[in-house]
Amino acid sequence: DENETVRSPIVTVALIVINTLVWLVVQGAGAARAVAASVCNFGLIPGELMLRARPGSGYPMGEGLVCVVDPGRAPEHVLMSMFLHGGWLHLIGNMWFLWLFGNNVEDSMGRLRFVVFYLLCGTAAALAQVFADPDSIIPMVGASGAIGGVMGAYIILYPHVRVYTLVPLGFFITSFALPAWAMLGYWIVLQVFGG
């Protein structure tokens with residue numbers, strides 16, 4: 001983007017590093033069984049949190065893999081699910097948007113306020129999903145809700161800033177400067193079709 005930062009984006013970089021380490025260590029860098037196990041064991045299951053899913057009911061996670069609903073709420077999964085991802089593209093896309101927009105929002109808010117804001121946005125998004133389908137036994141993961149909040153803050157703080165993007169046109173790659181709101185729209189489209 002066109003925005004320069006005054007301070008180093010320490011929190012933004014730390015969030016990217018944490019998400020990447022969780023992907024590599026906890027989620028086995030995308031190994032099918034490790035991803036399925038992590039999503040099932042640490043993902044947020046709305047029906048479990050709301051005590052509306054029958055313990056022992058299962059959701060298929062792949063060939064021979066079933067995620068079974070545990071008894072109890074597991075409220076810590078609201079936070080834990082924000083650091084898990086479903087695949088390489090999910091992780092890379094989220095971290096790319098976090099880097100692009102997070103550094104400026106962190107610079108504007110300050111480090112402590114930014115990390116609190118990030119976690120509150122992720123929590124609000126997760127709870128909105130829970131209340132949209134409180135009986136669901138499908139585990140949800142990802143930093144998209146937190147990053148959506150960061151992008152919303154960016155649009156409010158810097159409504160006229162342009163973001164540069166590469167666009168492949170056959171054998172050629174060209175660059176376009178788009179308004180930040182256009183990138184937010186693009187991100188929303190990715191979330192709708194990716195979800």
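Here, every reference points to the structure presented above.
Residue positions are counted from 1 within each chain, in the order its sequence is given. Per-residue local features are limited, in this predicted model, to residues with pLDDT of at least 70; the limit for side-chain atom pairs, both in listing and counting, is 80 or more; totals at the level of whole chains, interfaces and linings are taken over all residues. Calculation of side-chain values draws on the structure's entire complement of heavy atoms; hydrogens and water are dropped beforehand.

**Observations regarding the state of the cysteines**
Reasoning step 1: Disulfides are defined as pairs of cysteine sulfur atoms found within 2.5 Å of each other. Per the stated rule, a full pass over the model turns up one disulfide.
Reasoning step 2: There is a disulfide in this structure between C40 and C67, and the S-S distance comes to 2.2 Å. Between C40 and C67, the S-S torsion sits near 90°, and that sign places the bridge as right-handed. Taken together, the residues span a long stretch of sequence, with C40 in helix α2 (residues 32–42) and C67 in strand β2 (residues 65–68) at a distance of 27 residues. Numbering of helices and strands starts at the N terminus; helices are DSSP runs of H or I of at least 4 residues and strands are runs of E of at least 2.

**Notes on helix α5 (residues 88–109)**
Since the α-helix advances by 3.6 residues per turn, residues separated by three or four positions end up pointing in the same direction.
Reasoning step 1: Helix length check: α5, at 22 residues, gives a terminal C-alpha distance of 30 Å against a target of 32 Å (1.5 Å per residue), a fit within 8%.
Reasoning step 2: Just downstream of α5 lies G110, where phi reads positive at about 95°. In a helix, the anticipated span is given by 1.5 Å times the number of residues less one.

**A few points about the pairing of strand β3 (residues 162–169)**
Reasoning step 1: Any two strands with at least two DSSP-identified bridges between them are counted as paired. Sheet topology note: the β3/strand β4 (residues 172–179) ladder contains eight bridges and is antiparallel. Bridging across to β4, V163 finds its partner in L178.
Reasoning step 2: Counted between consecutive antiparallel strands, the loop separating β3 from β4 contains two residues, among which G170 sits at a positive phi close to 65°.

**Thoughts on the packing of aromatic side chains**
Reasoning step 1: Two rings from Phe, Tyr or Trp (for Trp, the six-membered ring) form a pair when their centres are within 6.5 Å of each other. A pair whose planes differ by under 30 degrees is stacked, one over 60 is edge-to-face, and the rest are tilted. Overall, the coordinates contain six aromatic pairs when judged by the stated rule.
Reasoning step 2: Residues W23 and W88 carry aromatic rings whose centres are separated by 5.4 Å and whose planes lie at 75° to one another, so their mutual orientation is edge-to-face. With a gap of 65 residues between them, W23 in helix α1 (residues 10–26) and W88 in helix α5 connect regions that are remote in the sequence.
Reasoning step 3: For W88, a relative accessible area of 44% translates into the label partly exposed.
Reasoning step 4: Taking the centre distance of 6.2 Å and the plane angle of 10° together, the rings of F97 and F101 count as stacked. Note that F97 and F101 are positioned in helix α5 at a spacing of four residues, about one turn of the helix. Note on accessibility: F97 and F101 belong to one class, buried.
Reasoning step 5: Members of the aromatic cluster, connected to one another through ring pairs, are W96, F97, F101, Y154 and Y158. For each residue, the accessible area found with a 1.4 Å probe, counting protein chains only, is set against the maximum for its type, and the residue is called buried under 20%, exposed over 50%, and partly exposed in between.

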